[in-house]
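Survey of secondary and tertiary structure
Next come the chains, spelled out residue by residue.
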Amino acid sequence: MPLSSRPGPAPRRLPARRLLALGAVTVLLATGCAQAAGNPAGEPSPASPTAGSSATAAPTATELPAAAPAEVSVTPADAAVEHNPVDPVVVRADHGELGEVVLVSAAGGEPVPGERSADGRTWTSTGVLAFDTAYALHWGATAGGSTSAGTSTFSTVSAAHEVDARINVAEDGVYGTGQVLQFSFSEPVLHKDEVERAITVQGGGDRAGAFRWYSDTVLRYRPAETWAPHSEVSVSLDLLGLDVGHGMVGNHDLRRSFSIGAEHYARVDNATKTLTAYVDGEVAGRFPVTLGNPDWPSTTGRKVIMEQAPTYLFKADSLDLQPGDPHWYETFWASNVSRLTASGEFVHQALPSAMPVLGQANVSHGCVGMSPEGAKLIHDVFRPGDVVEVVGTGYPQADPDDGYGDWNIPLEHYADESWKGNW
């Protein structure tokens, strides 16, 4: 017989009441924990998601993110070298607030003073640091309740990179109206314009002047006209911290105040072989002279008295003369001497052998030989910075840097080191 195709018994149906009761059990299981915590049925805990919510449980206290530490930046950087002592040291909390900051020489001593910004996030040094010195910087900071600290070191410009300067006038000195200012630097200057801008000259009639570089280490300044007589002059060079080139840094400022005395001027005329001395425009004396012989003629032009002495040792070998040379002379002490050039032209009292030819012939080695009273007037009344002008010898001027022949250069050409006059 074929298998029976009669259907099996129908599925058993639960009464509706039992379905409702089963649903209630399911709800109780889902909410039982909340009820165990004491919440009324149907009111979920604030720390638990409601039924059907996708929110996750809040992290426990041990899972909270740690506070970010303070972020501190320092200038100059750690281990920096050749730091310019004029440039401030800056400590800044880019995140957080600064605590104590101490900047001190590595060798010890008083801390460098500094100022803190109003928001407490930046400290800036206010004192000039020492040259060629190692420093240590210590700082503390806070952020979000956490503290941090740090130390950095650096060193300032070394002695090999320091630049100093000298000037050719003394504090409270008195000079003539033709005094030329000369600045001498210990290292070559490449940033010449910056150095010129760092110099201020005031007084002396406030006559506009100009600069002229004779080398990378020698700079001169002169006013358009000679200084006003009986005036005061002040000079300043703001060299401290100035980079003059190749990382060479000025290690000091320079200040001088000096006076200009009466106007003294002497004119030496080879045609008449006389020297005429003027004081404040009035003739103070006229004296016969002897100038350089034909083999050693006196240079012409305006020269400035460089130094003076009551006596000065003259030696022939200073002119490369040796015994047997027709121009050689015995060593002697000249009296009432006023130097005009570095190479050896002077105004001085002539030797006894030259006295008979004063006003008549030239027998010197380029100097202006005078009578005792004439040389004494120039030595006693005139002073360094006064102008002595020589005319009529037919010989060129002395090089402007062979002494202070700067007044022989027209002002419009003074700054042009390549310009050449009659020398």
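To be clear, the structure that these remarks concern was listed above.
This write-up is about the structure you can find in this document. (Residues numbered from 1 in each chain as written. Predicted model: local features only at pLDDT ≥ 70, side-chain atom pairs only at ≥ 80, totals over all residues. Heavy atoms only, no water.)

**Here we look at the sheet that holds strand β9 (residues 162–163)**
The sheet built from three strands is open, its strands ordered β9-β18-β17 with mixed pairing. The open sheet has two edge strands with one neighbour each: β9 and β17 (243–245). The sheet contact formed by β9 and strand β18 (residues 248–250) spans two bridges and is parallel. What sits directly across from V163, in β18, is G250. (Pairing = 2+ DSSP bridges. Helix = DSSP H or I, 4+ residues; strand = E, 2+ residues; numbered from the N terminus.)

**Things to note about the packing of aromatic side chains**
For the structure on display, the rule yields 13 aromatic pairs. Taking 5.6 Å as the distance between ring centres and 90 degrees as the angle between the ring planes, the aromatic pair formed by Y175 and F258 counts as edge-to-face. Taken together, the positions of Y175 in strand β11 (residues 174–175) and F258 in strand β19 (residues 254–260) put the pair 83 residues apart, joining distant regions of the chain. F258 matches Y175 in its accessibility class, with the two residues each being buried. Each ring, one from Y312 and one from F314, has its centre 5.8 Å from the other, and the planes form 80 degrees; the classification is edge-to-face. Among the aromatic residues, those joined into a ring-pair cluster are Y175, F211, Y221, W227 and F258. One Lys or Arg, R212, reaches over the ring of Y214 and ends 5.4 Å from the middle of that ring. The ring of Y414 is capped by R222, whose NZ or CZ atom sits 5.2 Å from the centre of that ring. (Phe/Tyr/Trp six-rings, centres within 6.5 Å; stacked < 30°, edge-to-face > 60°. Buried < 20%, exposed > 50% of the residue type's maximum accessible area, 1.4 Å probe, protein only. Lys NZ or Arg CZ within 6 Å of the ring centre and 35° of its normal.)

**Looking at the sheet that holds strand β25 (residues 332–339)**
Taking strand neighbours across the sheet as the criterion, the nine strands line up as β23-β28-β20-β21-β22-β27-β26-β25-β24 in an open arrangement whose pairing is mixed. Edge strands, defined here as strands with exactly one partner in the open sheet, are β23 (301–304) and β24 (307–314). Adjacent strand axes in the sheet meet at a mean angle of 30 degrees, parallel and antiparallel pairs treated alike. Pairing of β25 with strand β26 (residues 346–349), which is carried by two bridges, proceeds in the antiparallel orientation. Its bridge partner being in β26, R339 is matched across the sheet by F346. Docked against the sheet, helix α3 (residues 372–381) engages β20 (264–269), β21 (274–279), β22 (282–290), β24, β25, β26 and β27 (368–370), running at close to 50 degrees with respect to β25. (Axes fitted to C-alpha atoms, helices over the stretch in contact; angles between N-to-C directions. Contact = heavy atoms within 4.5 Å.)

Remember, this is a structural readout, not a statement about activity or role.
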